Each structure stands twice: as C-alpha cells, then as structure tokens.
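Chain by chain, the residues:
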Amino acid sequence: MAGLRIDLILARLFPEISRSRLQSWIKEGKVRVNGKSVDLRHKAWGGETVELDTTPDNSTTADAAEAIALPIVFEDAQMIIIDKPVGLVVHPGNGNRSGTLLNALLHHAPELQGLPRAGIVHRLDKDTSGLLVVAKTLEAQTELVRQLQARTVKRHYLALVHGVVARDGVVEAPIGRHPLQRTRMAVNPHGREARTWYSVQQRFEKSTLIECRLDTGRTHQIRVHMASVNHPLVGDATYGKRKSSSALLDAFPRQALHAWRLGLTHPATRDECQWESPLPGDFSQLLDTLAP
C-alpha cells in the first residue's frame with residue numbers, strides 16, 4: 001500500500017465501511033496516522049500506525065426520539081423492515097421536524113442515533129405506503145446501500161394509473177430537477193439514468209392497475225415516468241391530472257402507489273429474504289369499487 005492515499009488504504013482495510021463514510025471520518029479527524037490527524041491527500045509509505053475511531057457520534061442526528069407506533073414486519077440485530085402507513089413522512093425536512101419515521105426509529109432503537117439518517121437506507125414518499133428497510137449497524141447500512149447501487153434489491157410497487165394501459169413495458173428516461181419548478185422532478189436529458197418496468201395486473205374502464213419494478217431509485221421515479229407516458233398515477237396532485245372524466249378517480253386523496261414486495265440479501269447471513277405487504281384499506285376499497 002506504499003504511496004497510496006489514506007482513504008484508499010482504509011477502504012482496503014475496512015471493506016465493510018463505505019469509502020464516502022471513511023472520507024467523512026478523515027475530514028472529522030477520526031483517522032490518525034502516528035497519532036496525528038490527516039487530510040484526504042495524505043499518503044502512507046509503510047511502517048506507520050493508523051488509528052480509526054469508529055465510536056458512534058451521538059450528534060450524527062439531532063432529531064428527537066418520539067413514541068410513534070411502527071408497523072414492524074421483521075427485525076433482527078442487523079435491520080428492520082417497516083410497513084410504512086400512508087401519511088408518515090420518512091425523514092425530517094422543512095415543515096416536518098417531528099412526527100416522522102426517523103423520530104419513531106430513534107425511540108424504538110436509541111442506538112440508531114449514531115448512524116447516518118438513523119439507519120434509513122431508502123425512502124418512500126409521504127403518501128406512498130409499503131415496505132422499506134432500515135439498517136441497525138453501520139456495516140449493515142453500507143452493505144444494503146451497496147445492494148441498492150448494484151440493483152440487486154427487488155422493489156415491486158402496485159400503482160393505479162389513469163387510462164387503459166395496452167401492454168407491459170418499460171420507461172427508460174433520465175430524471176432530474178424540473179428546470180422551472182425546483183420542488184418537482186421531471187424527465188430531463190441532463191438528469192440521472194432511470195428505468196421503470198411495468199406490467200398490467202387489471203384493467204378497468206378508465207384506469208389500470210399495474211405492477212412496477214425499479215432498476216433505479218430516483219426521487220418520484222414511478223410518478224414521473226408513468227406521467228411521461230400519459231398514464232399518471234391516480235390521486236397524484238403533483239404529476240397527475242387535475243381533473244379527469246371519472247369523479248371516483250378524482251376523489252382519491254393521494255397517489256395510488258404501494259410498495260408491496262421487497263427482496264434483498266441479508267447483510268450478515270447472506271440469505272435471500274423477501275417480504276410482502278397487503279394493499280392498505282383505501283387503495284383496496286378503490287379497486288373493489290372500480291371492479292365490475
């Protein structure tokens with residue numbers, strides 16, 4: 001390793017920790033070479049003593065723990081699988097500093113205070129229901145993020161869209177910020193690669209129930225992609241129709257989207273795991289009403 005930068009050396013010594021996390025620790029002074037803190041440009045030449053302080057920093061998240069009920073599908077020492085209800089914000093942000101999934105997690109498992117984003121690996125929109133995974137250790141979080149990046153995490157969604165979808169298909173279109181409305185995402189040639197597979201599950205008179213499978217996990221990906229092929233999600237106030245020819249569909253108060261299946265490799269045992277979540281009541285009732 002002589003002549004290598006310190007972050008590259010640490011990445012070899014600690015493969016279970018992401019390189020970005022190691023670089024953050026270097027910047028925070030948690031890496032010492034021969035007893036002295038170093039910067040990212042430091043190179044080692046052999047014979048040095050390298051120390052890495054992995055003590056959790058309880059200031060990683062300053063959000064408060066709150067006693068909020070968590071629908072837990074599975075939990076062990078490595079991760080938690082949550083069946084997120086409609087209306088629950090995943091991570092605190094502007095206007096949502098409390099009452100979030102993160103606040104609930106900190107109450108349920110106080111040790112998550114020392115993890116980035118309290119162990120949250122991926123998100124669901126506030127009004128999207130269904131399954132998501134939370135890591136309980138830094139090693140598990142790093143491994144699960146790597147699985148997401150390698151596109152081996154299987155995420156399947158059920159969505160009700162406007163119009164009759166003729167056949168199964170795939171939307172391949174880059175997604176980025178809307179050029180004029182910065183709070184929205186859009187198909188943008190300068191955006192990041194995004195791919196959504198969809199298959200028809202049930203056709204109704206003016207709508208279609210589809211299953212979507214994600215190869216990538218861009219913000220609002222399914223909502224943006226389906227709107228781009230003229231099949232916006234029912235109830236989507238941001239990317240959907242303001243008014244359609246169906247009063248029943250227009251009355252649905254949220255985007256009709258549910259993360260119903262989640263599959264991944266267990267970060268410790270390497271077992272292939274899969275969970276499923278039934279449709280929430282409002283979504284299921286809407287489908288029953290639409291059925292002839």
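Residues numbered from 1 in each chain as written. Predicted model: local features only at pLDDT ≥ 70, side-chain atom pairs only at ≥ 80, totals over all residues. Heavy atoms only, no water.

Chemist: Describe the overall build of the protein chain, and please don't skip the residues or the numbers.
Modeler: If you tally the helices and strands in the protein chain, you get 7 helices and 14 strands. Across its three principal directions, the C-alpha atoms of the protein chain cover 75 × 45 × 40 Å. Counting across all 292 residues of the protein chain, residues that qualify as buried make up 47%. Look at the contacts in the protein chain between residues 6 or more apart in sequence, and 62% of them connect residues 24 or more apart. Per element, the accessible surface of the protein chain, about 14700 Å² overall, is 48% carbon and sulfur. In the protein chain, which carries 37 positive and 31 negative side-chain charges, the distance between the mean positions of the two groups comes to 8 Å. (Helix = DSSP H or I, 4+ residues; strand = E, 2+ residues; numbered from the N terminus. Buried < 20%, exposed > 50% of the residue type's maximum accessible area, 1.4 Å probe, protein only. Contact = heavy atoms within 4.5 Å. Areas by Shrake-Rupley, 256 points an atom, 1.4 Å probe, with all protein chains shown as cover. Lys, Arg positive; Asp, Glu negative; His and termini not counted. Charge placed at Lys NZ, Arg CZ, Asp CG, Glu CD.)

Chemist: How would you explain the packing of helix α1 (residues 6–13) against helix α2 (residues 19–27) if you had to name every residue and give the values?
Modeler: The N-to-C vectors of α1 and α2 enclose an angle of 130 degrees; their axes lie 9 Å apart at closest approach. Between α1 and α2, the interaxial angle falls into the category oblique. Considering only the axes of α1 and α2, their crossing is right-handed. Packed against α1, whose contacting residues are I6, D7, L8, L10 and A11, the element α2 presents R19, L22, Q23 and I26 at the interface. A class-by-class count of the residues in the contact of α1 with α2 yields 6 nonpolar, 1 polar and 2 charged. (Axes fitted to C-alpha atoms, helices over the stretch in contact; angles between N-to-C directions. Parallel < 35°, antiparallel > 145°, perpendicular 65-115°, else oblique. Left-handed = near helix turned anticlockwise from the far one by under 90°. Nonpolar A, V, L, I, M, F, W, Y, C, P; charged D, E, K, R; others polar.)

Chemist: Before we move on, could you go through the side chain of K136 and cite the residues and values that matter?
Modeler: Position of K136 among the secondary structure elements: in the loop between β6 (129–135) and α4 (138–149). Taking relative accessible area as the criterion, K136 reaches 16% and is therefore assigned buried. There is a polar contact of 2.9 Å between the side chain of K136 and the side chain of E75. Look past the residues within four positions of K136 in its chain and what remains in contact with it is E75, D76, A77, Q78, M79, I80, E111, L112 and L115. (Polar contact = N/O pair within 3.5 Å; in protein donor to acceptor, adjacent residues only side chain to side chain.)

Chemist: Kindly report on the pairing of strand β12 (residues 207–214), identifying the contributing residues and their values.
Modeler: Counting buried residues in β12 gives 7 out of 8 residues, a clear majority hidden from the surface. As paired elements, strand β7 (residues 154–162) and β12 share 7 bridges and run antiparallel to each other. For Y157, the partnering residue across the bridge sits in β12 and is C212. Pairing of strand β11 (residues 195–203) with β12, which is carried by 7 bridges, proceeds in the antiparallel orientation. Paired with W197 across the bridge in β12 is R213. Following β11, the chain reverses through 3 residues before pairing antiparallel with β12. (Pairing = 2+ DSSP bridges.)

Chemist: Pulling in residues and values, what's your account of helix α5 (residues 221–228)?
Modeler: Counting buried residues in α5 gives 6 out of 8 residues, a clear majority hidden from the surface. N230, located one to two residues past α5, shows a positive phi value of around 65 degrees.

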